[in-house]
Amino acid sequence: MEATVAVRELSKRYGAKEVIGKLDLELGPGVTGLLGPNGAGKTTLLRCLATALTPNSGRIDILGLDPADSSQRTKLRRLIGYLPQNPGLYPHFTAASMVDYIAILKEITDRRARRSEVRRVLAEVDLADSARIKVRKLSGGMRQRLGIAQALIGDPDFLIMDEPTVGLDPEQRMRFRTLTSRLGENRTVLLSTHQTEDIAALCDRVIVFSGGTTMFDGTPRELADGAKGRVWSSDSRPAEAQIFWRTADGSYRVVGERPSDGTAVAPTVEDGYLQLLGAGARAGS
Ligand code: ADP
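These remarks concern the structure in this document. (Residues numbered from 1 in each chain as written. Predicted model: local features only at pLDDT ≥ 70, side-chain atom pairs only at ≥ 80, totals over all residues. Heavy atoms only, no water.)

### Comments concerning the packing of helix α3 (residues 95-105) against helix α5 (residues 140-152)
Consideration 1: Look at α3 against α5: their axes get within 9 Å of each other, and the N-to-C directions meet at 30°. By the angle between their axes, α3 is roughly parallel relative to α5. Like other packed secondary-structure pairs, α3 and α5 cross with a definite hand, here right-handed. Each of Ala95, Met98, Val99 and Ile102 in α3 lies in contact with α5, whose residues at this interface are Leu146, Ala149 and Gln150.
Consideration 2: When the residues that make up the contact of α3 with α5 are grouped by side-chain class, the tally is six nonpolar, one polar and no charged. (Axes fitted to C-alpha atoms, helices over the stretch in contact; angles between N-to-C directions. Helix = DSSP H or I, 4+ residues; strand = E, 2+ residues; numbered from the N terminus. Parallel < 35°, antiparallel > 145°, perpendicular 65-115°, else oblique. Left-handed = near helix turned anticlockwise from the far one by under 90°. Contact = heavy atoms within 4.5 Å. Nonpolar A, V, L, I, M, F, W, Y, C, P; charged D, E, K, R; others polar.)

This is the structure we're talking about:
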């Protein structure tokens, strides 16, 4: 893999609390999903890569540039698109002026070029007809799409998105997957999500992040396969299984030991993830 992003021994602390400890990571073109429980350090890692947060130690190389060097950092920021968890959108701006503002920060100085870029990114997220609506009047899903639109300004080579599908309805989520898959064909895309379906549907690679370190790094298929022989369907409520839940057809899906009436079922990415976290929790207990 040709690495476009390389992280070496990255550490980040908040006060005395170490959130990321000596992390090594390489990313290449394609869509990589970051999956992990709340508090795992995903946002912290994304913020470090977006140059919004300075690590305590370690080296980051993005597209051949070093964010620790101020002149390279400025250059780098024009090549990065970042959707933060709570994008700071200004309520009194219209959707178009909000994106235009980001385009100015990205130094797209030519007015005509900027106007057409604003139109392009709003169309990408299906907000072309809402360009003149004020941010405060947009629904949660529309604001989220506006956040995605501002990250697309300037066609960044490295796109970082923190929980991009939060607040999107199923149809919008489909559109997002199509858009992101296309972007990942020749750019580096890193996104965090809680949705294992997003990982299965659009990521080439998945990294499970927990406690500031990598617990798994591979394809979504490999993550799912980690639960092979550990996923069951059962008609009666399991007594001792590690992890189970009731499915739409009324049966129980069990990840762990076989319940007495359990029938083996093919694992999904969600099963693989739960199995991995369950195994980690058992190892740590
Ligand atoms: P995730 O995105 O995986 O939920 P975060 O990177 O947001 O994880 O947080 C990792 C840990 O760092 C959490 O325990 C969180 O409380 C803590 N944390 C995050 N931001 C700050 C901050 N600005 N100051 C202090 N602690 C923080």
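### Observations concerning the site of the ligand
Consideration 1: What surrounds the ligand is the set Tyr14, Lys17, Val19, Pro37, Asn38, Gly39, Ala40, Gly41, Lys42, Thr43 and Thr44.
Consideration 2: Lys17 places a side-chain nitrogen or oxygen 2.6 Å from an oxygen atom of the ligand.
Consideration 3: Within the side chain of Thr44, one N or O atom sits 2.5 Å away from an oxygen atom of the ligand.
Consideration 4: Those elements that place two or more of their residues in the shell around the ligand are β2 (17-27) and α1 (42-49).
Consideration 5: For the shell around the ligand, the element with the most residues is α1, which contributes three residues.
Consideration 6: Of the residues in the shell around the ligand, the class split is four nonpolar, five polar and two charged. (Near = heavy atom within 4 Å. Polar contact = N/O pair within 3.5 Å; in protein donor to acceptor, adjacent residues only side chain to side chain.)

### Considering the pairing of strand β1 (residues 5-14)
Consideration 1: Bridge count between β1 and strand β4 (residues 57-62): five bridges; the pairing is antiparallel. The residue bridging Val7 from the neighbouring strand is Ile60, located in β4.
Consideration 2: Where β1 folds back onto β2 in an antiparallel hairpin, the turn is made up of two residues, including Gly15, whose phi is positive at roughly 60°. (Pairing = 2+ DSSP bridges.)

### Details of the environment of Pro84
Consideration 1: Inspection of the secondary structure assignment puts Pro84 in the loop between β5 (80-83) and α3.
Consideration 2: Here Pro84 falls in the partly exposed class, since its relative accessible area comes to 21%.
Consideration 3: Setting aside residues up to four positions removed in sequence, Pro84 forms contacts with Gln150 and Asp162. (Buried < 20%, exposed > 50% of the residue type's maximum accessible area, 1.4 Å probe, protein only.)

### So, the sheet that holds strand β12 (residues 252-255)
Consideration 1: Reading across the sheet, the four strands line up as β11-β12-β10-β13 and stay open at both edges, with antiparallel pairing between neighbours. Looking at which strands have only one partner, the edges of the open sheet turn out to be β11 (243-246) and β13 (263-264).
Consideration 2: For strand β10 (residues 231-234) and β12, the ladder comprises four bridges, and the chain directions are antiparallel. Paired with Trp232 across the two strands is Val254, which belongs to β12.

### Re α1
Consideration 1: By the criterion of burial, α1 is predominantly enclosed, with six of the eight residues buried.
Consideration 2: When α1 is considered as a whole, its buried residues turn out to be Lys42, Thr44, Leu45, Leu46, Cys48 and Leu49.
Consideration 3: One or two positions beyond α1, positive phi appears at Thr51, with a value near 60°.

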